[in-house]
Every structure is written in C-alpha cells, then in structure tokens.
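Overview (structure and organization)
So the chains spell out like this:
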Amino acid sequence: MDIYLPIAELSVNIFTILAIGGGIGLLSGIFGVGGGFLMTPLLIFIGIPPAVAVATGANQIVAASISGVLAHWRRGNVDLKMGIVLLIGGLVGSTIGVWLFSLLKAMGQVDLVVNICYVVFLGIIGTMMLVESIKAMLEQKNKKRKKSHVHNWTHGLPFKMKFRRSRLYISAILPLAVGLFVGLLSAIMGVGGGFVMVPAMIYILGMPTIVVVGTSLFQIIFVTANVTILQAVGNQSVDVVLALILIFGGVIGAQYGARIGAILKGEQLRGLLALLVICVSLKLLFDLATRPEEVYSLTQLLQ
Amino acid sequence: MSDSTATPHNSEEAPAKKLTGRTFLCVVDETEEFAAALQFACRRALNSGGRVALLYVIEPAEFQHWMAVGERMREEAREEAEEMLNVVASVVQKRMGHMPVLYIREGKLREEVVKLIEEEDGISLLVLGAASGTDGPGPLVTYLVEKMAGRLRVPVTIVPGSLAEDEIALIT
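Everything numeric here is computed off the predicted structure, so don't read it as measured data. (Residues numbered from 1 in each chain as written. Chains lettered and ligands numbered in written order. Predicted model: local features only at pLDDT ≥ 70, side-chain atom pairs only at ≥ 80, totals over all residues.)

This paragraph deals with the overall build of chain B. Helix and strand content of chain B: five helices and five strands. Ordered by position in the sequence, the α and β elements of chain B form the string β-α-β-α-β-α-β-α-β-α. For chain B, restricting intrachain contacts to residue pairs at least 6 apart in sequence, the fraction spanning at least 24 positions comes to 78%. (Helix = DSSP H or I, 4+ residues; strand = E, 2+ residues; numbered from the N terminus. Contact = placed C-beta atoms within 7 Å.)

We now examine the overall build of chain A. Counting secondary structure elements, chain A contains eleven helices and four strands. In chain A, buried positions account for 49% of the 303 residues. Across chain A, contacts joining residues at least 24 apart in sequence account for 80% of those joining residues at least 6 apart. (Buried ≥ 20, exposed ≤ 12 C-beta atoms within 10 Å, placed from the backbone.)

Our next topic: unusual backbone geometry. Residue and element names in this part refer to chain A. The phi dihedral of Arg167 is positive, around 50°, even though this residue is not glycine. In this structure, Arg167 sits in the loop between β3 (160-163) and β4 (168-171). With 13 C-beta atoms packed within 10 Å, Arg167 lands in the partly exposed category. The residue Gln236 is not glycine, and still its phi comes out positive at about 45°.

This part covers the interface of chain B and chain A. In this complex, chain B contributes eleven residues to the contact, which on the side of chain A involves 18 residues. Looking at side-chain class alone, the side of chain B that touches chain A contains six nonpolar, two polar and three charged residues. (Nonpolar A, V, L, I, M, F, W, Y, C, P; charged D, E, K, R; others polar.)

Below, the discussion takes up the packing of helix α3 (residues 109-119) of chain B against helix α4 (residues 139-148) of chain B. Residue and element names in this part refer to chain B. Contact pair α3 / α4: the axes reach a minimum separation of 10 Å and the direction vectors enclose 60°. Looking at the two axes, α3 sits oblique to α4. Judged by the sense of rotation from one axis to the other, the crossing of α3 with α4 is right-handed. On the side of α3, the interface is formed by Leu109, Arg110, Val113 and Val114, while α4 contributes Leu140, Tyr143 and Met148. Here the residues of the contact of α3 with α4 sort into six nonpolar, no polar and one charged. (Axes fitted to C-alpha atoms, helices over the stretch in contact; angles between N-to-C directions. Parallel < 35°, antiparallel > 145°, perpendicular 65-115°, else oblique. Left-handed = near helix turned anticlockwise from the far one by under 90°.)

Residues and elements named next belong to chain B. Here we have five strands laid out as an open sheet, ordered β3-β2-β1-β4-β5, and parallel in their pairing. Both outer strands of the open sheet, β3 (101-106) and β5 (156-160), are each paired with one neighbouring strand and no more. Averaged over neighbouring strand pairs, the angle between their axes works out to 25° when direction is ignored. Judged from the five bridges that link them, strand β4 (residues 123-130) and β5 form a sheet pairing that is parallel. Residue pairing for β5: Ala130 is matched across the bridge by Pro160. The sheet strands contacting helix α2 (residues 67-96) are β2 (51-58) and β3, and the helix crosses β2 at an angle near 165°. The sheet contacts of α3 involve β1 (23-27), β2, β3 and β4, and relative to β2 the element is tilted by about 145°. (Pairing = 2+ DSSP bridges.)

Here we take up the pairing of β3 of chain A. Residues and elements named next belong to chain A. Examined bridge by bridge, β3 and β4 share four bridges and lie antiparallel to one another. Paired with Lys162 across the bridge in β4 is Tyr169. Taken together, β3 and the strand that follows it, β4, pair antiparallel across an intervening segment of four residues, in which Arg167 is found at a positive phi of about 50°.

Our focus in this paragraph is α2 of chain B. Here α2 of chain B spans 43 Å end to end across 30 residues, near enough to the 44 Å set by a 1.5 Å rise per residue. Looking one or two residues past α2 of chain B, Gly97 of chain B carries a phi angle of roughly 90°, positive in sign. (Expected span 1.5 Å × (residues − 1).)

Okay, helix α8 (residues 209-235) of chain A next. Residue and element names in this part refer to chain A. In this model α8 runs 37 Å from its N-terminal to its C-terminal C-alpha over 27 residues, within 8% of the 39 Å that 1.5 Å per residue would give. Judged by how many residues are buried, α8 sits mostly within the fold: 22 of 27 residues are covered. Phi for Gln236, located one or two positions after α8, is positive at around 45°.

All names here are of chain A. Pairing of strand β1 (residues 2-5) with strand β2 (residues 10-13), which is carried by four bridges, proceeds in the antiparallel orientation. Paired with Ile3 across the two strands is Val12, which belongs to β2. Connecting β1 to the antiparallel partner β2 that follows it, the hairpin turn spans four residues, and Glu9 within it adopts a positive phi of roughly 55°.

This paragraph deals with the environment of Ala177 of chain A. You can see Ala177 of chain A is positioned in helix α6 (residues 173-189). Measuring from C-alpha to C-alpha, the distance between Ala177 of chain A and Ala106 of chain A comes to 28 Å, with 71 residues separating the pair along the chain.

Here the focus is the nonpolar core. Ranked by size, the top nonpolar core spans 87 residues in total, and within it Val54, Val178, Ile188, Met201 and Met207 of chain A carry the most contacts. Residue contributions to this core peak at twelve residues, all from α8 of chain A. Those residues in contact with Val178 of chain A, other than ones at most four positions away along the chain, are Leu86, Gly89, Met197, Ala200, Met201, Ile204 and Leu205 of chain A. Listed in part, the 40 residues of the second largest apolar core include Phe24, Leu38, Val52 and Ile117 of chain B. (Core = buried A, V, L, I, M, F, W, Y, C linked by C-beta atoms within 7 Å.)

A separate point is the environment of Gln64 of chain B. Residues and elements named next belong to chain B. As for its position among the elements, Gln64 is in the loop between β2 and α2. Gln64 gets classed as buried once you count the C-beta atoms within 10 Å, which come to 25. Each residue touching Gln64, except ones within four places of it in the same chain, is listed here: Val69, Gly70 and Met73.

Residues and elements named next belong to chain A. Here chain A averages 81 in pLDDT, while 89% of its residues score no lower than 70. Looking at the elements of chain A, mean pLDDT is at its lowest for helix α11 (residues 299-302), recorded as 41, and at its highest for helix α4 (residues 80-107), recorded as 92. The low-confidence segment residues 299-303 (pLDDT under 50) makes three contacts with residues lying over four places distant or belonging to another chain. (pLDDT = per-residue confidence, 0-100.)

What follows concerns the confidence of the model for chain B. Should pLDDT be low for a region, the predicted coordinates there are not to be read in detail. All names here are of chain B. Taken over all residues, the pLDDT of chain B has a mean of 80, while the share at 70 or more is 88%. Contacts for the low-pLDDT stretch residues 1-19, under 50 throughout, to residues beyond four places or in other chains number 25 contacts. As a predicted assembly, this complex carries a pTM of 0.75 together with an ipTM value of 0.73.

All names here are of chain A. Tracing the sequence through the fold places Ile96 in helix α4. The class for Ile96 is partly exposed, based on 15 C-beta atoms found within 10 Å. The sequence separation of Ile96 and Met39 amounts to 57 residues, and the corresponding C-alpha distance is 23 Å.

Have a look at this one:
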C-alpha cells in the first residue's frame, strides 16, 4: 500500500514508514528520549531527500520531548531560568541554521552537507560511546572523584547571572553559546541535540545532573518547534503526512521500547547504541563515497 | 562529604537488631507531611523507649547516553541523599538525644520500603505521613494501604499531614 508524500515528492509503502516510526519509537523508548539522530539517517536510507528528512525529524522530536519534560517538571527538575537563557541562544542558533539551510538549498548543496554532518557527528559520537563502554568493561571501576566545579577562564566572562535551581553564578554567555551551537545542529541535522547539550551543561556550565535532563528537554521543545516552523515557512520542507505517520508509529513503539530498556543493563544499552550509531554513519559514508546508479537526483522525479 | 559525623551508610553499623525497644521507621522525603510523620515517630519512640529509623530511597536515574553522565548522576543522587539524611538525623538527635538508624537504598520507593521491613527484624512500626491536599495521600501511602497493608510484617501508622505540632504532641 503506497502512500504519496506531498513534500518529499515520493511514493513509499505506508508500512515501511510505520515500521520506521515504530522502530524509532522503540529505540527512543529503549535508549531514553532522543533518537532524532537515528531517525533522520533512516529516512534518508529509504529515499526521503535529506532536506525533508531533517525538517520532518525536528517535528517528531517536539512531540517526544513534551512528554519527557512533563515528568521532570513535576519533580521540579527544570531550571527555568537556565532553560530560557539556553533557549534564547537556541532560537538564534536555529534561526541562523535554517537560514544557512535555505542558502545551501539554493546552491543545491544541502543534501551533501546534511549527509556529511551526519557522517562526522555520528562517527565521533559512536566512537566515543564505544570507547567509553569498552573502557568500563575492561577496568570496571576506578574511583576517581573529579571536582565538579573547577574555576577556569570562563569565570572571567562578563554578564554574570544567578541560576538558583542550578546553584550557579556564571556568565550568561556560556549557556547562550551552548544553546546557539545546539540550535545550529538542530536546524541543520534535525536532531534535538541532547547528546551534545547534556554533557555540555554538566562539564562546561557545571550544572547539577538532576536538573540537566529536564532543562535540556525544555530547551529542545521550543528550539525544534522553531526549526519546524521556520523550515515549513522558509524551505517548504516539512512533510506533514510523513510526520504524522512517524509520530503515530513512534508513540506505539515507545511503549514497547521502554519495557525492553528496563530489562537491559546500562552498559549493554550503551554498547548497542554505540554500535548502531557507528553502523548508520558507516552506511551514510558508504553511500556518499560510492555514487549511485542515478547520478543526478533529478531522475527521481522523472520516474 | 560529611563522612566525619556518623556516616549514614548502610545498615551494618546500626545496632537495630539488638535493641529491646521498638523501632519506628520513617521514610524521608521533601514533603510537608513527612515532618508530621517524623514528629509523631520521635514522640512515640521517646515515650515508649524506642528509637527512630530513617530510610531514604534513591530512585534509579533514567538511562543516559553517556556513561560518565550516568555515573555523575548516581554520585550526585547519593550525595544528596546523604546530605538530606544528615539534616533529618540531626533533627532527630536533637529531639531524642541519640542518633537514629539510617538506611539508604537504591531502587523503586515502594519496593525498597517493603524489602527493608522484610529484611530488618528490628523495625516494629512504619510511620507514614499522608498529604492533606486534594491529590490523595501520596503514592507510597496509597500503594501500601491499597495493596500491601495486609501482607506487611509490621503495622502502619498514617499521620495526617494537616496535624499541627501541638496536636501531635497531644496524641502521642
């Protein structure tokens, strides 16, 4: 049963898309919130143009993050002030990102850039995760407690602000910069950026871990929403049919994923995720390096 | 951390089993009704020659993509638990004149409460605070009363969170 995706300009089997939506839901259920950085490549694999995959992926993350942030909000684990500062950076970053995206699109290079970004990022992240897992398996535990709050040059920056929930007194430039970078990522790659933002919030900003996840989700909701709207208005690259099918599949998949995730151990989960991420990046690299039978992407339209 | 003063680590150092008097177990959290439960437990223990035990349950954190982040989370949760227990323990010491028995467990709150009561024979009564708001008495009270009350080894006392200090003093 094929369904025509109006923006992607492509007929795909509805069950394929449902399976991907379900699969992504399953993954994000197993590995926690996120999964945008796996969904976009998967969509590219089935032939959705990267530009559409990115814009539509951001859509799905809005939905996934809202349910996530509610739980944290109720427990008081969202630093609203920090979230807003991150958000301002994120909105600026994602707006610039979408503008860059349009520019690249006009030059006809957007698909290439998205692909390269994914190969680089997934490659780095996958490798780092794998190294972390292997290290942990080898040496079990070396109990070195690192200082959580080290004074360095960042504390000399101006515009200091008090963040009560995070018990921090730091320059607002830092969270703004983190937000900006993640916003850029979000616009160009269609991801929430939690996998970059969470470590950045802990190690660069020095936030207590308990508020990190909730606060990052709070920021992600609005930034990905901004990306979706700007992409839809500026680049006409959000495919509503695709997004709806993905969300539908995702909701169902997440239910089962959460159950599987509860059974598996943390180290196993991480090892699996690392392998998955590396496989996806290798496949993307392979597709980039060996150019296909159809040399021009125009041939897709003429079929 | 505050390892110098009576580390609230696990049960080993707690002489709960040898105690002749009764032990009143309180589950520590940040709610208002906990204060009522604690006061009740302290006064009852004081009046009956028993002692107070405190349990803090660390809920396991959700899965993190980065191992270092996950580890950091566990450490910080543990530190927070110890800090909290230390504060509450010093309150108990002020009221009772001796340190309470301290337990820290990691896991699901309801399961760990039931498990601890099964494991520690010294515990003779569980004192819980019930929230006075419209949202019900709180998840632990609801669970224990609805599902487990008949199967527990010890009686459960539920202290309404709306009781004022002098009212509790009167009852106990």
